[in-house]
Amino acid sequence: MLQLERISKAFGPRWVLREVSFTVHPGEIVALMGPNGAGKSTLLRVAATLLRPTAGQVRIGGSSWPPDGAGVRAQVTLLGHQPWLYPDLSAEENLRFYQRLYGWPEEPGAIEASLERMGLADRARDPVRGFSRGMLQRLALARAFLSPAPVLLLDEPFTGLDVLGLEEAREVLQELAGRGRAVVVALHDPATADFAHRVVVLVGGRLVAEGAPVAFQEKALQELYQAGMTHRHRLAAGRPARRSEEGGSSLRMGLSTGVHPVPAESRSPPGARGQGRGLRALQALLWKDLRIEGRARETLTPLLTLAGLSLFLFGTAFELRPDLARSFVPVFFWMLLLFASSLGVGRMMASEMDRGTWEGLLMVPGDRSLLFAGKAMVHGLLLGLVILLSLAAAGVFFNLSLWDPGILLLLALGAIGLSGVTTLLAAMAMATRARELLLPILLFPVAAPLVIAGIQGTRAILEADPAGWSVWLQMLIAYDLLLFAVTWMVFEEVVSA
Amino acid sequence: MRAWERIWLGATIALMILATLAVFLYAPREAKMGDVQRIFYFHISTAWSGFLAFAVALIGAIAYLRTRSARWDQLSHAAVEVGLVLLTMAIVTGSLWARPVWNTWWTWDPRLTTTTITWVVYLAHLLLRNAVENPETRARFAAVYAIVAFVTVPITYLSARLLRTIHPIVLGPSVSSEAQGQFGLTPRMVHTMVLSLIAWTLLFSVLLWMRYRVQRAQETLEGIEAAAEEA
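Residues numbered from 1 in each chain as written. Chains lettered and ligands numbered in written order. Predicted model: local features only at pLDDT ≥ 70, side-chain atom pairs only at ≥ 80, totals over all residues. Heavy atoms only, no water.

J.: For this particular structure, what's the right way to read the overall build of chain A?
T.: Tallying secondary structure elements over chain A gives 15 helices and 12 strands in all. Here chain A, with 497 residues, has 56% of them falling under the buried criterion. In chain A, of all internal contacts separated by at least 6 residues, the share reaching a separation of at least 24 is 72%. Per element, the accessible surface of chain A, about 19400 Å² overall, is 59% carbon and sulfur. (Helix = DSSP H or I, 4+ residues; strand = E, 2+ residues; numbered from the N terminus. Buried < 20%, exposed > 50% of the residue type's maximum accessible area, 1.4 Å probe, protein only. Contact = heavy atoms within 4.5 Å. Areas by Shrake-Rupley, 256 points an atom, 1.4 Å probe, with all protein chains shown as cover.)

The structure is reproduced here in C-alpha cells:
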C-alpha cells in the first residue's frame, strides 16, 4: 500500500505541492490528473524518492521517505517522462540490464514474456536506436511489466502510443493491478482515465478533488482547472462525503469503484533479497557501460585521438633531448590524465543525462553509492587504457621508456583518485547550466595536489631518485585515500534531490 | 542595527586600531629584515582568518546536508566569500613580503602553490553556485563542494611542514633547511601577533555576520517576490 501523507514540495520560494495526501491500496489504479504545472510529475518523483519532500512523508510497506529513501525505492517502479533506454543496447539487453541493476528475480523467460506482452518479441534483439517513440514507450512499459515492485508509478505512460498500443497498455496496467500492485498513473487526457478505479485531481499543487472516473469528464475537469481551486471540492453531487482515512480536513468523494484490496503476489521486494544484489548491480553497471562503449566508441576513440595529437604536438614543439624529456614528459602525462578525465568522464555522464537514463540509475534500490563505485570503476578503466596506450606511444616519440613499475603504480593511483572525484563532480556539473565548461573548473584545483604529486613522483623515478619517489608516492596515496573517501561519502547527497 | 551588534562592531574597530598601532609602535624592528617584517602580523592574521572561514563553511555545509535548513547554506556561502577576501589579502601581503626577502614577488614553492590551490578551489565554489538555478540544488551542490574543497586546507597547512620549502614556519619546527625569512619571536612580537589574531578574528566574525544577514535578506525578498507572483 502506498500512502502519501501531507506531501509538500517547494523549489526555493515557489510551492509546487501543498499538503497532498491520499492512499493507494494493492490492486487499485489511481489516475492522477491536473492541468500543466499542477505538480503531477513532481508528486510521482517525490513518491519515487527522486525528490525529497519539503514536508510530509511517503510510506510503503513499513518504510517511510524521508528518511528511508532506499527502503521505499526498493518497493517502487517508476516509468518517468523519459523511457530510460540505451539506444546502443537491444530491447532484451535493456530489460536485462534493469533486471540486474534493480535486483529483480531473473526468472527464465520473464524478459521474453514481457516483450511478448508489449508486442515487441520480434524486435527483442534489435538495437533500441531504431525504435519509434511508440515502440520506446512499449519497451518502457515492458520494463514496468517485468518489475516485481508492489507499487508502480507511471508518468504519462501512453505518450506516443497508437490506439492499439494504448489499449494494450491499459490492459497491462489492469493486469498488474489484478496481481496486487498499487498503480498511480499521471494522465492529461480524461478519455484515457476510465480504466482507473479512482481519479485524483491536482490543481496548483493542491489535491482539489477525487472520485470515480465517471465524475471527471472533460467538461468537469475544465471547470475544475479554470476555477483554480484552493480547497478540495465535492463533485459527486448529492453523495454524502466522508472523512478521508488520511485524516486532516480533506474530503473524499463517494466512490463506487468496486475496488477491493488485492493481496500482492508473494514476491519479496527487490531490495530485501541476498547480499549479492549489490555485486550483481555493480556488474550490470560495468557490463552496460563497457558494452555501450564497445559499440558506440563515444568516449575512448576521441580520447585516444586527443592523446595521439597531444603527443605529436608536444613532441614537435619541444624536440626534447633525453635529459629535458625526463623533466617534461611527466608533466605531459599527468596533464593528459587530467584532461582525459575531465573530457571522458564528463562526456559519459553527459550522455547519461542527455538520454534521460541517469534517473533510471538513481532508482537503484538500496545505497546509491553503488552507482558511484560502478561509474568510478568504468571511468578508471577508461583512463587506464588511455594512459597505457599513450605510454607505449611515448616510448616511440620521446625515446624514453616509461614502463617502470613505480611509474605505473603512480599512474594507477592517479587514475583511481581522479576517476572518483571526477565522477562526483561530473554528476554535479552536468546538472548545472555550464555543464562541460564547469567540470574542469571544479576538478582541476581539487585534483591539483594529486597531479603535482604524480608529476614529482614520476620525475623522481626518471631521475633515479627513489627517496623522492617514496615521499611523493606517500603523498599521492594519502591524498587519493582522503579524496576518494570524501567523494564516496558525499555522492549520495549529490544525487538525492 | 541592534545594541549588541553595535557593541560587537565597536569592539572590533577598537581592537583593529589597537592591533595596527601595536604593529607599528609596540612590536620591535626585526634585526635582519627590518620594518618589512611588520607585514607578517597582517599576513598571518589574514591567513588564519581565511582558513577559519573555510572551516566555518565546512561546518555550515555539513549542517545543511543534515538539516536542509537554508540558514546553514547562507552561513556557508557567507563564510566562503569572506574567506576568499581574507585569503586574497594573505596572498597579497605574502607577495609584498616576499619581494624584499626572497627577491621575487612569487615562487612556486609548495606552501604558495597549495595556498593558491585552496584559493582557486573556493573561487570555483562561487562559480558553481552561480551555475545552478534551483535554490535547493544550489545549496546541496555548494555544500558538497565545500566539503570536498576543504580537503585542500590541511594539505596547505602540512605542505610547509612536510615538504622542502623556503616558506618560514614561525609557529613550530620546520623540516626544511631551505626556509628563508625565518625569525625568532620576541615577547613583544608574540603580544602583537596574538592581538592581531584576535582583532582579525573579530573582524572576520563581523564580516561573516553582515554577509550572512545580507544573504538572508536577499533570499527572504526573493521569497516575497515569488509569493506575490503566485498570488
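J.: Just to check I follow, could you spell out the packing of aromatic side chains for this structure?
T.: Each pair of aromatic rings is reported with the distance of its centres and the angle of its planes. All names here are of chain A. This structure, assessed with the given rule, holds 23 aromatic pairs over all chains. Pairing tyrosine 98 with tyrosine 102 gives two aromatic rings, centres 5.4 Å apart and planes at 45°, and the pair type is tilted. Taking relative accessible area as the criterion, tyrosine 98 reaches 0% and is therefore assigned buried. Assessed through its relative accessible area of 6%, tyrosine 102 is described here as buried. Here a set of aromatic residues connected by ring pairs shows up, and it is made of Tyr86, Phe97, Tyr98, Tyr102 and Trp104. (Phe/Tyr/Trp six-rings, centres within 6.5 Å; stacked < 30°, edge-to-face > 60°.)

J.: What should I look at first to understand the sheet that holds strand S4 (residues 55–60) of chain A in this one?
T.: Two pairing modes exist for strands in a sheet, parallel and antiparallel, and in both the strands are linked by backbone hydrogen bonds. All names here are of chain A. Taken in spatial order, the 4 strands line up as S2-S1-S4-S5 in an open sheet, and their pairing is antiparallel. At either margin of the open sheet sits one strand with a lone partner, and together these are strand S2 (14–24) and strand S5 (63–65). Each adjacent strand pair in this sheet contributes to an overall mean axis angle of 20°, direction not counted. One ladder, built from 3 bridges, connects S4 with S5; its direction is antiparallel. Along S5, the bridge assignment pairs isoleucine 60 with serine 63. (Pairing = 2+ DSSP bridges. Axes fitted to C-alpha atoms, helices over the stretch in contact; angles between N-to-C directions.)

J.: Got a minute to help me understand the pattern of salt bridges in this structure?
T.: Pairing between side chains of opposite charge can happen when the charged atoms of each approach one another. Residues and elements named next belong to chain A. Under the defined criterion, the tally for this structure stands at 39 salt bridges over all chains. Arginine 291 is the partner of glutamate 93 in a salt bridge, and the nearest nitrogen-oxygen pair spans 2.7 Å. Placement of glutamate 93 in helix H3 (residues 91–101) and of arginine 291 in helix H8 (residues 277–296) is noted, with a sequence separation of 198 residues between them. Of the charged contacts, one joins lysine 288 and glutamate 352 as a salt bridge, the two residues approaching to 2.4 Å between their closest N and O atoms. Here lysine 288 is found in helix H8, whereas its partner glutamate 352 is found in helix H10 (residues 322–355), with 64 residues between them in sequence. A relative accessible area of 0% means that glutamate 352 is categorised as buried. (Salt bridge = Lys/Arg side-chain N within 4 Å of Asp/Glu carboxyl O.)

J.: Mind showing me how you'd approach empty space enclosed by the protein here?
T.: One way to see where empty space is left: roll a probe the size of a water molecule over the atoms. All names here are of chain A. With the rule as written, the count across this model stands at 3 cavities of 30 Å³ or more. By volume, the largest cavity amounts to about 110 Å³. Among the secondary structure elements, those contributing two or more residues to the lining of the largest cavity are H8 and H10. Along the lines of polarity and charge, the residues of the lining of the largest cavity split into 3 nonpolar, 2 polar and 8 charged. Empty space within the second largest cavity amounts to approximately 70 Å³. Looking at the second largest cavity, it is lined by 12 residues, and the ones nearest its centre are Val76, Thr77, Tyr102, Trp104 and Met363. When residues of the lining of the second largest cavity are assigned to their parent elements, the largest contribution, 3 residues, is made by strand S6 (residues 76–79). A per-class count over the lining of the second largest cavity returns 10 nonpolar, 1 polar and 1 charged. (1 Å grid on protein atoms, 1.4 Å probe; cavity = no way out; pocket = protein on both sides within 12 Å on 5 of 7 lines; lining within 4 Å. Points joined across faces, edges and corners; volume = space filled by probe spheres on them. Nonpolar A, V, L, I, M, F, W, Y, C, P; charged D, E, K, R; others polar.)

J.: Sorry if this is basic, but what is going on with the side chain of Ser419(A) here?
T.: Looking at the element boundaries, Ser419(A) is found in helix H13 (residues 405–429). Not counting residues within four places of it along the chain, the set of residues in contact with Ser419(A) comprises Ala376(A), His379(A), Gly380(A) and Leu383(A).

J.: What's the story with the pairing of strand S8 (residues 182–187) of chain A in this structure? I'm lost.
T.: Each regular strand shows side chains that alternate between the opposite faces of the sheet. Residue and element names in this part refer to chain A. With 6 of its 6 residues buried, S8 lies for the most part within the structure. Residues Ala182, Val184 and Ala186 line one face of S8 and the alternating positions Val183, Val185 and Leu187 line the opposite face, and both faces are buried. Here 5 bridges tie strand S7 (residues 151–155) to S8, and the two strands are oriented parallel to one another. For leucine 152, the partnering residue across the bridge sits in S8 and is valine 183. Following the backbone out of S7, through helix H6 (residues 163–178) and into the adjacent parallel S8, one traces a crossover that is right-handed. (Right-handed = clockwise from strand over helix to strand, strands pointing away.)

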